[in-house]
Amino acid sequence: MTRIIFPLLVAFAALFGASAHAQSGVRLADNAPDSYTVVRGDTLWDISGRFLQEPWRWPEVWRLNREQIRNPHLIYPGQVILLDRSGPWLSIGRRIGGTQDDRVQPRIYSEALDSALPSIPLQVIEPFLNRPLVIDGPRLEGSATIIATETSRVLTGTGDTIFAKDVGDAAEVWHIYRPAKPLEDPVTRETLAWEAAYLGTARVTERGQPTTLEVTTSVEEIGVGDLMMPSDRPSVFSFAPHAPERDVNGRIISIHRGVSETGRLHVVALNVGERDGIERGHVLALFRNRGTAEYTGDGGKETFQLPEKRYGMVFVFRVFDRISYALVMESDGPVTLSDVVRQP
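Looking up the protein in an unreviewed UniProt entry gives the name LysM peptidoglycan-binding domain-containing protein, with the organism given as Thauera mechernichensis.

Draft legend 1. Representation of the nonpolar core. If you look at the biggest cluster of nonpolar residues, it comprises 25 residues, and the most contacted ones within it are Trp45, Ile120, Val134, Phe317, Ile323, Tyr325 and Leu327. Listing elements by their share of this core, those giving two or more residues are helix H5 (122–129), strand S11 (191–206), strand S17 (267–270), strand S18 (283–288), strand S21 (309–319) and strand S22 (324–331). Sequence-distant contacts of Val134, defined by excluding residues within four places in its chain, comprise Arg139, Leu183, Ala193, Trp194, Phe320, Ile323 and Tyr325. Membership of the second largest hydrophobic core comes to 17 residues, among which are Tyr311, Val319, Ala326 and Val328.

Draft legend 2. Quick peek at the pattern of salt bridges. If you walk through the whole model with that rule in mind, you get twelve salt bridges. For the salt bridge of Asp34 with Arg85, the shortest nitrogen-to-oxygen distance reads 3.0 Å. Of the two residues, Asp34 is situated in the loop between helix H2 (19–22) and strand S2 (35–37) and Arg85 in the loop between strand S3 (80–84) and strand S4 (89–92); the sequence distance between them amounts to 51 residues. For Lys309, the salt bridge identified is with Asp332, shortest N-O distance 3.5 Å. Here the residue Lys309 occupies a position in strand S21, and Asp332 occupies one in the loop between S22 and strand S23 (335–336), the gap between them amounting to 23 residues. By relative accessible area, Lys309 is classed as partly exposed at 27%. When its relative accessible area of 48% is taken as the criterion, Asp332 is described as partly exposed.

Draft legend 3. Spatial organisation of helix H3 (residues 44–51). When H3 is considered as a whole, its buried residues turn out to be Leu44, Trp45, Ile47, Ser48 and Phe51. What you see down the axis of H3 is that its buried residues fit within an arc of 160°, all on one side. Packed against the buried residues of H3 are S2, S3, S4, S18, S21 and S22.

Draft legend 4. Broad picture of the environment of Glu206. Its location among the elements puts Glu206 in strand S11. Since its relative accessible area comes to 53%, Glu206 is described here as exposed. Sequence separation between Glu206 and Phe163 is 43 residues, and the spatial gap between their C-alpha atoms is 9.7 Å. Other than its neighbours up to four places away in sequence, Glu206 contacts Thr211 and Thr212.

Draft legend 5. View of the sheet that holds S3. With antiparallel pairing, the three strands of this open sheet are ordered in space as S2-S3-S4. Two strands bound the open sheet, and with one partner strand each, they are S2 and S4. This sheet shows a mean twist of 20° between the axes of neighbouring strands, independent of strand direction. In terms of strand pairing, S2 meets S3 through three bridges, oriented antiparallel. Within S3, the position partnered with Ser35 by the bridge is Leu82. Lying on the sheet, H3 is in contact with S2, S3 and S4; it crosses S2 at an angle near 150°.

What counts as what
Residues numbered from 1 in each chain as written. Predicted model: local features only at pLDDT ≥ 70, side-chain atom pairs only at ≥ 80, totals over all residues. Heavy atoms only, no water. Core = buried A, V, L, I, M, F, W, Y, C linked by side-chain atoms within 4.5 Å. Buried < 20%, exposed > 50% of the residue type's maximum accessible area, 1.4 Å probe, protein only. Helix = DSSP H or I, 4+ residues; strand = E, 2+ residues; numbered from the N terminus. Contact = heavy atoms within 4.5 Å. Salt bridge = Lys/Arg side-chain N within 4 Å of Asp/Glu carboxyl O. Arc of directions from axis to C-beta. Pairing = 2+ DSSP bridges. Axes fitted to C-alpha atoms, helices over the stretch in contact; angles between N-to-C directions.

Shown next as C-alpha cells:
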C-alpha cells in the first residue's frame, strides 16, 4: 500500500481554521532550530518538542488544512521541517538530495504507509490497539466461551484444538481472554468495566455447535471457561494531538502490569471514556494531589489543602464507553493511581 504526498504543496496549503488565533499562545522551545531533517524512528511529538515548549500543540502551528491535521500521515524520513519564527509556523520543505526543480514545482512521491511518522511511538502501544483490554457488561454477555479442549486436557496452548459455544459468523480469528479484575471509580467505587487478561488467539477450523478452533498464539495457558471476542482489524494510529472540547475531570484507575506507579512511555487507564467526550488523540494534563498541611505557629492548629501540582501529559490512544487508555508522554516524577487528568 502506498501513500501519495505533495510535500511542497502541503507547505503552502490553507491554514487550519482556528490556528491563526490559537498559535499566538504557542511558545518556542529554548534553542529551537531553524530546521530539522526527519530520521527514521522520529515521532511527530518528538519533532515538535525540538521546536515548541508544548509539543502536543504542533497542529496549531502547521500550515496544513483541517483534514491533514486530523490525519497527519504526511511526514517521512528525509524531509526537512522548517521553522518560521514570525508565527511561529512549521512547514515541510524539500527532501535532502532533491534538485533545484523541487523548489519551483510540486513533485509526487510514493511511500510505504508504514514508513510515515506516527504521532507517538507505536511500538509501545501496539499490543493495546486491537486486543481486548476492557470488557463491559454487553461485551461480556456477547462473548464466546471455551467449553472443552482436545483430549480433555485441563490447559492448552499454541497448536492445540479447542471447542467453543456462541461463536458468531463475523470473524475467523478470535482473541481469547479472561476477565482479570474490576476497574472501579476511585471516588464512587462503582465498577466501570473489567480489565481483560489477554491469553492468545484462535482460528476457526470447523463451524458447528460447538465450533472447532485451533489455538494460533498463546501467551498464557488457556482452559475451559475462558472467553473469546472477534479479532478487530489492527488500527493505524495517526491521530493528531488536540485538547478536549468539553471539561474533563478524570483519574488514573489502573496502571499496566498492576503496579502502583509508573513513568514516561507507560500505559495507564482513565475513568473517562466516550460518554465523557473522550476520543483518540486527546491530550490531558496530569495533576498530583499534594495533600494537606497543618500549621500550629500561631498557638492554634490550622489545616490547609495544598494546591495540586501539574506534572505531566498523557495521550489518549484507545477509548471505550467509560474507560480510556493513554500513554504517558511527559512526567516530572512518578505517575500514581488516583492522580487527576484534566484539559491541558
